[in-house]
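Coordinate inspection notes
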Amino acid sequence: SSTTASSSKTSSKPSLSLPTWSNKIIAGGTSRALAQALLYPIDALRTLAQTRDGRTLSDVGTKALLRGCAQTSSFALFTGAFQFGIFGLVNPKYGPLVASAAGAAGSCLVS
């Protein structure tokens, strides 16, 4: 009876894990999209401050800080996934320097 109890405790379900390159694609895309979404309003403020037409935030409204954020963040998701996917594939064979250059070149091709 103790043999059946111990064997039922040690049996486990098969684990569902993604390949490492898939993890890099998901993590890269998610992190880049999140960073873009968080920094987009700051970038909009910077752009507004650099314009010379005299408009202020009270003139354009606070909605102007988020206008276009969803489109830019969704594009960043795709670009980040592509860049870090390439990095994840190239890094084990050629090292981080070549992988970084290949990932940057790949993201430039997308954008």
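As the structure is a prediction and not an experimental result, all values here were calculated from the model.

This part is about the environment of S74. By secondary structure assignment, the location of S74 is in helix α4 (residues 69–94). For S74, a relative accessible area of 44% puts it in the partly exposed group. The spacing of S74 and A37 is 37 residues in sequence and 9.1 Å in space, taken between C-alpha atoms. Polar contacts involving the side chain of S74 include one to the main-chain carbonyl oxygen of Q71, which spans 2.9 Å.

On to the packing of α4 against helix α5 (residues 96–110), then. Put simply, α4 and α5 touch, their axes get as near as 7 Å, and they point 150 degrees apart. One finds that α4 runs roughly antiparallel with respect to α5. In this structure, the crossing between α4 and α5 has a hand that is right-handed. Contact with α4, carried on its side by F75, F78, T79, F82, Q83, I86, F87, V90, N91 and Y94, involves P96, V98, A99, S100, A102, G103, A104, G106, S107 and V110 of α5 and no other residues of that element. Its residues assigned to classes, the contact of α4 with α5 shows 13 nonpolar, seven polar and no charged.

Attention now moves to the pattern of salt bridges. Enumeration over the complete set of coordinates arrives at two salt bridges. Here R46 and D43 are joined by a salt bridge, their closest N and O atoms 2.3 Å apart. One end of the pair is R46 and the other is D43, both in helix α2 (residues 20–50) and three residues apart, which spans about a single turn. Note on R46: relative accessible area 41%, which makes it partly exposed. Of the charged contacts, one joins R55 and D53 as a salt bridge, the two residues approaching to 2.8 Å between their closest N and O atoms. Of the residues examined, D53 reaches a relative accessible area of 48% and is grouped as partly exposed.

Rules of the game
- Residues numbered from 1 in each chain as written.
- Predicted model: local features only at pLDDT ≥ 70, side-chain atom pairs only at ≥ 80, totals over all residues.
- Heavy atoms only, no water.
- Helix = DSSP H or I, 4+ residues; strand = E, 2+ residues; numbered from the N terminus.
- Buried < 20%, exposed > 50% of the residue type's maximum accessible area, 1.4 Å probe, protein only.
- Polar contact = N/O pair within 3.5 Å; in protein donor to acceptor, adjacent residues only side chain to side chain.
- Axes fitted to C-alpha atoms, helices over the stretch in contact; angles between N-to-C directions.
- Parallel < 35°, antiparallel > 145°, perpendicular 65-115°, else oblique.
- Left-handed = near helix turned anticlockwise from the far one by under 90°.
- Contact = heavy atoms within 4.5 Å.
- Nonpolar A, V, L, I, M, F, W, Y, C, P; charged D, E, K, R; others polar.
- Salt bridge = Lys/Arg side-chain N within 4 Å of Asp/Glu carboxyl O.

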